[in-house]
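# Summary of the model geometry
The primary structure of each chain is shown beneath.
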Amino acid sequence: MEDAFARSVPEVLDFFGVDPTKGLTDIQVTSHARIYGRNVLPQEESTPFWKLVLKQFDDLLVKILIAAAIVSFLLALVNGETGLAAFLEPTVILMILAANAAVGVITETNAEKALEELRAYQADVATVMRNGCFSILPATELVPGDIVEVSVGCKIPADLRMIDLLSDQLHVDQAILTGESSSVEKELESTLTTNAVYQDKTNILFSGTVVVAGRARAVVVGVGSNTAMGSIRDSMLKTEDEATPLKRKLDEFGTFLAKVIAGICILVWIVNIGHFRDPVHGGFFQGAVHYFKIAVALAVAAIPEGLPAVVTTCLALGTKRMARLNAIVRSLPSVETLGCTTVICSDKTDVHASFFICVLQSASHGVAAAEYSVSGTTYAPEGSIFDGVGMQLDFPAQFPCLLHIAMCSALCNESVIQYNPDKKNYEKIGESTEVALRILAEKIGLPGFDSMPSALNMLTKHEQASYCNHYWENQFKKISLLEFSRDRKMMSVLCSRKQIEIMFSKGAPESILSKCTSILCNDDGSTVPLTASIRAEIESRFSSFAGKDTLRCLALALKRMPTGHQNISLDDEKDLTFIGLVGMLDPPREEVRNAILACMTAGIRVMVVTGDNKTTAESLCRKIASEKTTALQQMTLFTRVEPSHKKMLVEALQHQNEVVAMTGDGVNDAPALKKADIGIAMGSGTAVAKSASDMVLADDNFATIVAAVAEGRAIYNNTKQFIRYMISSNIGEVVCIFVAAVLGIPDTLVPVQLLWVNLVTDGLPATAIGFNKQDSDVMKAKPRKVNEAVVTGWLFFRYLVIGAYVGLATVAGFIWWFIYSNTGPKIPYNELMNFDSCLKRETVYPCSIFSDRHPSTVAMTVLVVVEMFNALNNLSENQSLVVIPPWSNMWLVGSIGLTMLLHCLILYVRPLSVLFSVVPLTWDEWTTVLYLSFPVIIIDEILKFFSRSSTGMRLNLRLWRRPEKREVRDK
């Protein structure tokens, strides 16, 4: 029944044909179960494991690599090659792809856990009336029309429509669904609001929420998927994960690279058609296969095989740094997404309760009020009391007013605070305001215990939770209770201690004050009449608390009752003695203002999105914007927001090309967290919110998000640097093979050597580049555009130049050995170009020199060393090595040293040298390698100089400017 909230109680009961005094009959239960289904959230079919695995290979670059590995494997079989060397290349490629697929599968599996966690919020049992009798049944057996009774502490088992109030009032904590910071009072009257949201449906008890005060009966109107919790589940199922900005750019780059690779491979093969019949190949088909192998080697050279692994490693390193900032990353790609966040939609979750107390100090020499503040901001009973000048009170319970405030807070209270050893935090059961008073009683402590603080520290966490409260409850026996009502705006409890009866009252200050005739003095514990001047002073303090300080205020009072008094009535709530005023504040943390200012400076919009009412949310935002800062006053505020609204807001912002970070902690936030580019859950939030998020804030601090954004930007900058490094290196390998094929000289590098360079030589320095330090002005730049390419414009030109030099230097090393090396044959260049006809003519040198491993070893070593120098170029995009020296990143220096050590191992240690088709080099050959390699630093320094100058910028704009295309996401 979707509109039960708008129907009267008789209409709802008639709809289900149920008698509220007898409940459903067995026949009706069977019928309704068949019509409406079971009260369970359906088990969603999880994606089969094999599908998850296959999904990880649905990437163009990965497909090209797989194709290259398969072709290499088949060619090795066709040529009759055997041994480890023949199948090393395809095996290693497939192992790398398998490792990356494993990371992807783990991420996908985590995403599906959110739906499983949602079921934890369903109640286990329910008190149900059937056939005229109440019984406790499994909640899964409930059907629409069942009459259910709920009381304090009950988890609502289904969506229920209130039909009878069995106490003065009923309060429900529905924060997990709506995000409201305080409990909500429920009523019987129908709701006439048009387009009612969850907050408007005050006669509906939503599945999974908790009763914190009162007792009532209600009729089931929705079960399973037809509940508010079920609609959240459906919303989560409909939300598809979108690719991160970096993933989209890498995919675009992969498509571009695939086209270039295909073109070059075909070109190389076509250019060499004339050489297919060369005798050295043994026939046309063998020649075609030979040059096809060269084309495959070219593809392997062009594709940065190590790129996925290096990106994953760099993002993983970023997660470790973020963990130190209390930001726990659940999804690796979200690390980079933070860097281009343009909008942060934050719930009003970054608040913490603190107390202010006002009492009458003395009335002997004029009216003198005293104010106290209380430290500590969580449900933990930890904190101190400070007087008006900021001095800490060693023994607060020695002050009469504070002592009686503790008594009243503990006794006039129906809530519970307990320690959860599994979650390692304190949890509440009941009204947030009453729980706060419990904590205040613990902080004030007990009278006569001089060693109170140290004594409490010796207790277990569980005992500390309510030690002082239990003390007062043992001292005073509760006899009678007057519950809170809206017309009185107060509650009272009658207690007895040593044959003395005292009534404690708490409530709205205006209500309590109007019923007081005397007041307790804090200096000597005396009671004096509540004169007009004293009343005016208290009212003035209350106005200050509730006005500019926007505190939630409660007044506390007591009354000595006649001996033997066993019951209290409304008539007893008069002639009270005023104890004091307690103000509760939910201020933002001190660092939030600076964090939001940092967002504004960085070009990030901040939106406050909350389920709270307008007044509560506005008071918080006013506190944040209390500084005279125009930027802070431009925050956007959305109030009374329900789950579907949050998701719609995210979609609307994404449609405007915004990169959205959404924070939340409740079940209601899960769909929006999943839909956002990066969902950020609070560490104190629900398991559902955490499972649906990409990142969890362990300290619930908004400022941590800003620190994480800065880290995300730094990670992206480093990611760009190592991607460019790998691209320029791979361009060099392509140029090397292409130039060798065009010149008609022997293969400069064999495939296994290329694989070694791509995986080991490229991989270690590329990963170390991820440790480049964060720029000091990283949060002063505007967010990068979503459609900004990883490698663009002038930078692409720069790395083409560097890549071209890398390739030419490698070919030069190969040719040098044949023509100039003292250990080489010193043959003329034209002889080298005609190597394939060596067997058909007489020569002064043996044709076996063209199979010598020395030239390819020199070429491979040049390629390795020149790439090590190129790694140093990537310490900064535009800054010279003179400004940012190599030792600014010792990880990079160490990786270069390790890479060179590994390279020397394969040169000088058998059987590695045999496996990689290399031989030891002489000192003369090493000298030539250095001569050919070092100029790459000089070339890049010149290019960096042009980048820093206005000439370079103008050249960039003139050569590479393209009309901007507005990118709109498909929905």
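What you are looking at is a predicted structure, and each value in this text was computed from that prediction instead of being measured. (Residues numbered from 1 in each chain as written. Predicted model: local features only at pLDDT ≥ 70, side-chain atom pairs only at ≥ 80, totals over all residues. Heavy atoms only, no water.)

### So, the pattern of salt bridges
Enumeration according to the criterion identifies 14 salt bridges in this entry. For K478, the salt bridge identified is with E414, shortest N-O distance 3.9 Å. On the criterion of sequence distance, the pair formed by K478 in strand 17 (residues 477-485) and E414 in the loop between helix 12 (400-411) and strand 15 (416-420) is long-range, its members being 64 residues apart. The exposure class assigned to K478 is partly exposed, which follows from its relative accessible area of 34%. The class for E414 is partly exposed, based on a relative accessible area of 44%. (Salt bridge = Lys/Arg side-chain N within 4 Å of Asp/Glu carboxyl O. Helix = DSSP H or I, 4+ residues; strand = E, 2+ residues; numbered from the N terminus. Buried < 20%, exposed > 50% of the residue type's maximum accessible area, 1.4 Å probe, protein only.)

### Let's talk about the packing of helix 29 (residues 854-873) against helix 30 (residues 890-908)
Between helix 29 and helix 30, the least distance of the axes is 10 Å, while the angle of their chain directions is 175 degrees. The angle between the axes of helix 29 and helix 30 places the two elements in the roughly antiparallel class. Across from T857, M860, T861, V864, V865, M868, A871 and L872 in helix 29, the residues of helix 30 making contact are L892, I896, T899, M900, H903, I906 and L907. A breakdown of the residues in the contact of helix 29 with helix 30 according to their chemical character gives eleven nonpolar, four polar and no charged. (Axes fitted to C-alpha atoms, helices over the stretch in contact; angles between N-to-C directions. Parallel < 35°, antiparallel > 145°, perpendicular 65-115°, else oblique. Contact = heavy atoms within 4.5 Å. Nonpolar A, V, L, I, M, F, W, Y, C, P; charged D, E, K, R; others polar.)

### Some thoughts on a nonpolar patch on the surface
Taken together, the side chains of L898, L901, L905, Y908, V909 and L912 present a nonpolar region at the surface, about 480 Å² in accessible area. When residues in the nonpolar patch are grouped by element, the largest group, four residues, is from helix 30. Mapped onto the fold, L912 is located in helix 31 (residues 912-915). (Patch = residues over 30% accessible without salt bridge, like charges linked within 9 Å, V, L, I, M, F, W, Y side chains within 5 Å. Areas by Shrake-Rupley, 256 points an atom, 1.4 Å probe, with all protein chains shown as cover.)

### Some thoughts on the sheet that holds strand 6 (residues 184-186)
The strand order across the open sheet built from three strands is 6-5-8, with neighbouring strands paired in antiparallel fashion. This sheet does not close on itself; its edge strands, each paired only once, are strand 6 and strand 8 (210-213). Neighbouring strand axes in the sheet, compared pairwise and without regard to direction, differ in orientation by 45 degrees on average. Examined bridge by bridge, strand 5 (residues 170-173) and strand 6 share three bridges and lie antiparallel to one another. The residue of strand 6 that forms the bridge with H171 is E185. (Pairing = 2+ DSSP bridges.)

### Let's talk about the packing of helix 27 (residues 793-819) against helix 33 (residues 935-948)
Running from N to C, helix 27 and helix 33 cross one another at 165 degrees; their axes reach a closest spacing of 10 Å. For the element pair helix 27 / helix 33, the angle class is roughly antiparallel. Crossing of helix 27 over helix 33 shows right-handed handedness. Residues W794, R798, V801, I802 and Y805 of helix 27 form the contact with helix 33, whose own contacting residues are P935, V936, I939, D940, L943, K944, F946 and S947. A class-by-class count of the residues in the contact of helix 27 with helix 33 yields nine nonpolar, one polar and three charged. (Left-handed = near helix turned anticlockwise from the far one by under 90°.)

### Description of the packing of aromatic side chains
In this structure the tally under the stated criterion is twelve aromatic pairs. Between the aromatic rings of F15 and F16, the centroid separation amounts to 5.0 Å while the plane-to-plane angle is 85 degrees, which identifies the pairing as edge-to-face. Taking the centre distance of 5.1 Å and the plane angle of 75 degrees together, the rings of Y471 and W472 count as edge-to-face. When the ring centre of F476 is taken as reference, the NZ or CZ atom of R497 above it lies at 5.6 Å. (Phe/Tyr/Trp six-rings, centres within 6.5 Å; stacked < 30°, edge-to-face > 60°. Lys NZ or Arg CZ within 6 Å of the ring centre and 35° of its normal.)

### Focus on the sheet that holds strand 11 (residues 343-346)
Paired through backbone hydrogen bonds, the strands of a sheet run either parallel or antiparallel to each other. Reading across the sheet, the seven strands line up as 10-28-27-26-11-24-25 and stay open at both edges, with mixed pairing between neighbours. Each end of this open sheet is capped by a strand with a single partner; those strands are strand 10 (327-329) and strand 25 (636-638). For this sheet the average axis-to-axis angle between neighbouring strands, irrespective of direction, equals 20 degrees. Pairing analysis gives three bridges linking strand 10 to strand 28 (residues 695-697), with the strands arranged antiparallel.

### Quick word on the environment of A768
By secondary structure assignment, the location of A768 is in helix 26 (residues 763-769). As for A768 and N718, which are separated by 50 residues in sequence, their C-alpha atoms are 9.5 Å apart. The residues touching A768, leaving out its near neighbours within four places in the chain, are N889, W891, L892 and S895.

### Focus: the nonpolar core
Among the nonpolar cores identified, the biggest contains 111 residues, and M322, M695, F702, F818, F850 and L892 are the most heavily contacted of them. No other element matches helix 24 (residues 702-743), which puts 20 residues into this core. Ignoring any residue separated from it by four or fewer positions in sequence, one finds F850 in contact with P746, F818, I827, E831, L832, F835, C838 and Y845. In this structure, L177, M607, V660 and A676 belong to the second largest nonpolar core, which totals 45 residues. (Core = buried A, V, L, I, M, F, W, Y, C linked by side-chain atoms within 4.5 Å.)

### Remarks on the pairing of strand 1 (residues 125-130)
A regular strand places its side chains so that they alternate between the two faces of the sheet. In this structure, strand 1 lies alongside strand 2 (residues 133-138), joined through six bridges in antiparallel fashion. Across the sheet, A126 pairs through a bridge with L137, a residue of strand 2. Hairpin connection of strand 1 to strand 2: two residues between the antiparallel strands, including N131 at a positive phi of 55 degrees. In this structure, strand 1 lies alongside strand 3 (residues 147-151), joined through three bridges in antiparallel fashion. Residue pairing across strands places V128 opposite V148, the latter belonging to strand 3.

### Thoughts on helix 16 (residues 467-475)
Taken together, the buried positions of helix 16 are C468, N469 and W472. On an axial view of helix 16, the arc spanned by its buried residues comes to 105 degrees, and they lie on one face. (Arc of directions from axis to C-beta.)

### Description of the side chain of D572
Residue position: D572 is located in the loop between strand 22 (552-561) and strand 23 (576-585). Here D572 is buried and forms no salt bridge, its nearest opposite-charge partner K559 lying at an N-O distance of 4.9 Å. Residue contacts for D572: discarding those within four places in its chain leaves M503, K559, M561, H565 and N567. (Lys, Arg positive; Asp, Glu negative; His and termini not counted.)

### Considering unusual backbone geometry
For the bond from R910 to P911, the omega torsion is 10 degrees, close enough to zero to count as cis. Checked against the element boundaries, P911 lands in the loop between helix 30 and helix 31. The phi torsion at N131 lies on the positive side, around 55 degrees, for a residue other than glycine. Among the structural elements, N131 can be located in the loop between strand 1 and strand 2. The partly exposed category is assigned to N131, whose relative accessible area is 43%. Positioned with a positive phi, K826 is a non-glycine residue whose angle comes to about 55 degrees. Mapped onto the secondary structure, K826 falls in the loop between helix 27 and helix 28 (829-833). Residue classification places K826 among the partly exposed residues on the basis of a relative accessible area of 47%.

### Quick notes on the confidence of the model for the protein chain
For residues with low pLDDT, the predicted coordinates do not support detailed interpretation. Taken residue by residue, the protein chain gives an average pLDDT of 79. The fraction at 70 or more is 80%. Between residues 628-633, whose pLDDT stays under 50, and residues either more than four places distant or in other chains, the model counts eleven contacts. When the criterion is pLDDT under 50, residues 951-971 qualifies, and its contacts beyond four places in sequence or with other chains add up to 39 contacts. (pLDDT = per-residue confidence, 0-100.)

### Thoughts on the pairing of strand 20 (residues 516-520)
Of all five residues that make up strand 20, four are buried, and the element is covered over most of its length. Relative to strand 23, strand 20 is paired through three bridges, and the arrangement is parallel. Bridging across to strand 23, S518 finds its partner in T577. Here three bridges tie strand 20 to strand 21 (residues 527-529), and the two strands are oriented antiparallel to one another. When the sheet's bridge partners are listed, S518 is paired in strand 21 with P529.

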